[in-house]
Amino acid sequence: SITIISGKHNIPLKKCIHNYNIIGILDGSITVYLFNPKHKMEIINKENNQIKKWAHKKILKKGNVLFIPPYWSILQEVDNSVIQYHMDIDTYSTFIPNYLKKIY
């Protein structure tokens, strides 16, 4: 999918449940905070500014691509504007469980 975001935005914490999770920047820049699954208990149900200390901070600019490991969580911040694409790709090991989560 392609997303166009104008202005300052914080995209909420999201767990990446697919085998391949890819974010690419077509124009602009974003700050991405990556959270290892081992920090799940430290980041759950907390404000964004409280959980950043457990994150790996990456600044993505035009032309950058970020591969997010399976089951890691991400938080995105946009300061100005950005055009980004996001791909979620499953293999057999994740397709069936993710499909079942969607229908139930």
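Heads up: these notes are all about the structure in this document. Keep in mind that what you see is a predicted model, and the values were worked out from it rather than measured.

About the criteria used
- Residues numbered from 1 in each chain as written.
- Predicted model: local features only at pLDDT ≥ 70, side-chain atom pairs only at ≥ 80, totals over all residues.
- Heavy atoms only, no water.
- Helix = DSSP H or I, 4+ residues; strand = E, 2+ residues; numbered from the N terminus.
- Rg over C-alpha atoms; globule rule 2.2 N^0.38 Å.
- Buried < 20%, exposed > 50% of the residue type's maximum accessible area, 1.4 Å probe, protein only.
- Contact = heavy atoms within 4.5 Å.
- Areas by Shrake-Rupley, 256 points an atom, 1.4 Å probe, with all protein chains shown as cover.
- Salt bridge = Lys/Arg side-chain N within 4 Å of Asp/Glu carboxyl O.
- Core = buried A, V, L, I, M, F, W, Y, C linked by side-chain atoms within 4.5 Å.
- Patch = residues over 30% accessible without salt bridge, like charges linked within 9 Å, V, L, I, M, F, W, Y side chains within 5 Å.

Regarding the overall build of the chain
When you go through the chain residue by residue, the secondary structure sums to 3 helices and 7 strands. Relative to the 2.2 N^0.38 estimate, which gives 13 Å for 104 residues, the radius of gyration of the chain is 14 Å and therefore close to what a compact globule would have. Expressed as lengths along the three principal axes of its C-alpha atoms, the size of the chain is roughly 40 × 30 × 20 Å. Counting the 104 residues in the chain, one finds 31% classified as buried. Contacts in the chain between residues at least 24 apart in sequence constitute 86% of all its contacts with a sequence separation of at least 6. For the chain, the exposed area adds up to about 6,900 Å²; of that, 56% sits on carbon and sulfur atoms.

Brief notes about the pattern of salt bridges
Proximity of charged atoms lets side chains of opposite charge pair with each other. Taken as a whole, this structure holds 3 salt bridges when the rule is applied. Lysine 14 is the salt-bridge partner of aspartate 88, the closest N and O atoms lying 4.0 Å from each other. Here aspartate 88 is found in strand 7 (residues 81-89), whereas its partner lysine 14 is found in strand 2 (residues 9-15), with 74 residues between them in sequence. Owing to a relative accessible area of 34%, lysine 14 belongs among the partly exposed residues under this scheme.

Details of the nonpolar core
One recurring pattern in soluble globular proteins is that nonpolar side chains are buried together. One finds Ile23, Ile30, Val32, Leu34, Leu60, Ile68 and Ile74 to be the most contacted residues of the largest nonpolar core, which totals 14 residues. Put simply, the parts of the chain that give this core at least two residues each are strand 3 (20-35), strand 5 (65-68) and strand 6 (73-78). The dominant element in this core, judged by the number of residues it contributes, is strand 3, at 5 residues. Non-local contacts of valine 32, meaning those with residues more than four positions away in its chain, are made with His56, Lys57, Lys58, Leu60, Leu66, Ile74, Leu75 and Gln76. Of all hydrophobic cores here, the second largest spans 5 residues; its members include Tyr33, Ile43, Ile51 and Leu75.

Quick look at unusual backbone geometry
Phi is positive for asparagine 45, which is not a glycine, with a value near 60 degrees. Position of asparagine 45 relative to the elements: it lies in the loop between helix 1 (40-43) and helix 2 (48-51). One non-glycine residue, tyrosine 71, lies in the positive phi region at around 70 degrees. Looking at where tyrosine 71 falls in the secondary structure, it is placed in the loop between strand 5 and strand 6.

What to know about a nonpolar patch on the surface
On the surface, Phe95, Ile96, Tyr99, Leu100 and Ile103 cluster together into a nonpolar patch covering about 490 Å² of accessible area. Its place among the elements puts tyrosine 99 in helix 3 (residues 92-103).

Here's the deal with the environment of isoleucine 4
Checked against the element boundaries, isoleucine 4 lands in strand 1 (residues 2-6). In this structure, isoleucine 4 is in contact with Val82 and Ile83, ignoring residues within four places of it in sequence.

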